[in-house]
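Overview (structure and organization)
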Amino acid sequence: MAAKSKARTPAAASEHQRRKLATVASTTRDDGESKFERLIYERVRLGIMSALAVREELTFNELKSLFNISDGNLGAHARKLEDAGYLTCTKTFEDRRPRTAYRITEQGRAALNRYLDHVEAVIRATRG
């Protein structure tokens, strides 16, 4: 015996869609500014932030090999995150060789968490 399925009326479908969008829209702060972090959205920057969220510190060379990108590309992405206050960069010498190490800041961790909260809200709304 075939199961009957309820067909949504256009008004009910529209209301359902509005609720799903409201869930995603609820990821905005009280001042109306989006919690969605555009700076973190880019693949390499998201990777840097995610890697630093689980490791206390990573060197430039570790990040470079992790993402298989050029020095210039990594440097540009790391600089943007550093300028935003999301990373700290420490330059030292080890056996006469320069060593650049990165750490995530509390502000960076909060931004990453806001980004992840937004993505989770979109996933929940999409899967409904």
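In the block above lies the structure referred to throughout.
Throughout what follows, the structure given in this document is the object of discussion. (Residues numbered from 1 in each chain as written. Predicted model: local features only at pLDDT ≥ 70, side-chain atom pairs only at ≥ 80, totals over all residues. Heavy atoms only, no water.)

Some remarks on the overall build of the protein chain
A tally of helices and strands in the protein chain yields 6 helices and 3 strands. Taken from N to C terminus, the helices and strands of the protein chain fall in the order α-α-α-β-α-α-β-β-α. By the burial criterion, 28% of the 128 residues in the protein chain qualify as buried. Of all intrachain contacts in the protein chain linking residues separated by at least 6 positions in sequence, the fraction that spans at least 24 positions is 59%. Counting only carbon and sulfur atoms, one obtains 50% of the accessible surface of the protein chain, whose full area is about 9,100 Å². (Helix = DSSP H or I, 4+ residues; strand = E, 2+ residues; numbered from the N terminus. Buried < 20%, exposed > 50% of the residue type's maximum accessible area, 1.4 Å probe, protein only. Contact = heavy atoms within 4.5 Å. Areas by Shrake-Rupley, 256 points an atom, 1.4 Å probe, with all protein chains shown as cover.)

As for the sheet that holds strand β2 (residues 87-94)
Spatially, the 3 strands line up as an open sheet ordered β1-β3-β2, and their pairing is antiparallel. Each end of this open sheet is capped by a strand with a single partner; those strands are β1 (58-59) and β2. In terms of strand pairing, β2 meets strand β3 (residues 97-104) through 8 bridges, oriented antiparallel. Within β3, the position partnered with F93 by the bridge is P98. Where helix α3 (residues 43-54) meets the sheet, it contacts β1, β2 and β3, and its direction lies at approximately 85° from that of β3. (Pairing = 2+ DSSP bridges. Axes fitted to C-alpha atoms, helices over the stretch in contact; angles between N-to-C directions.)

Quick notes on the packing of aromatic side chains
Scanning the entire structure with this criterion turns up 0 aromatic pairs. Over the ring of Y41 we find R38; its NZ or CZ atom is 5.3 Å from the centre of that ring. (Phe/Tyr/Trp six-rings, centres within 6.5 Å; stacked < 30°, edge-to-face > 60°. Lys NZ or Arg CZ within 6 Å of the ring centre and 35° of its normal.)

Description of the environment of E56
With respect to the secondary-structure elements, E56 resides in the loop between α3 and β1. Residue classification places E56 among the exposed residues on the basis of a relative accessible area of 60%. Separated by 48 residues in sequence, E56 and I104 place their C-alpha atoms 7.6 Å apart. If we skip the residues at most four places from it in the chain, E56 touches Y102 and R103.

Structural measurements only, silent on function.
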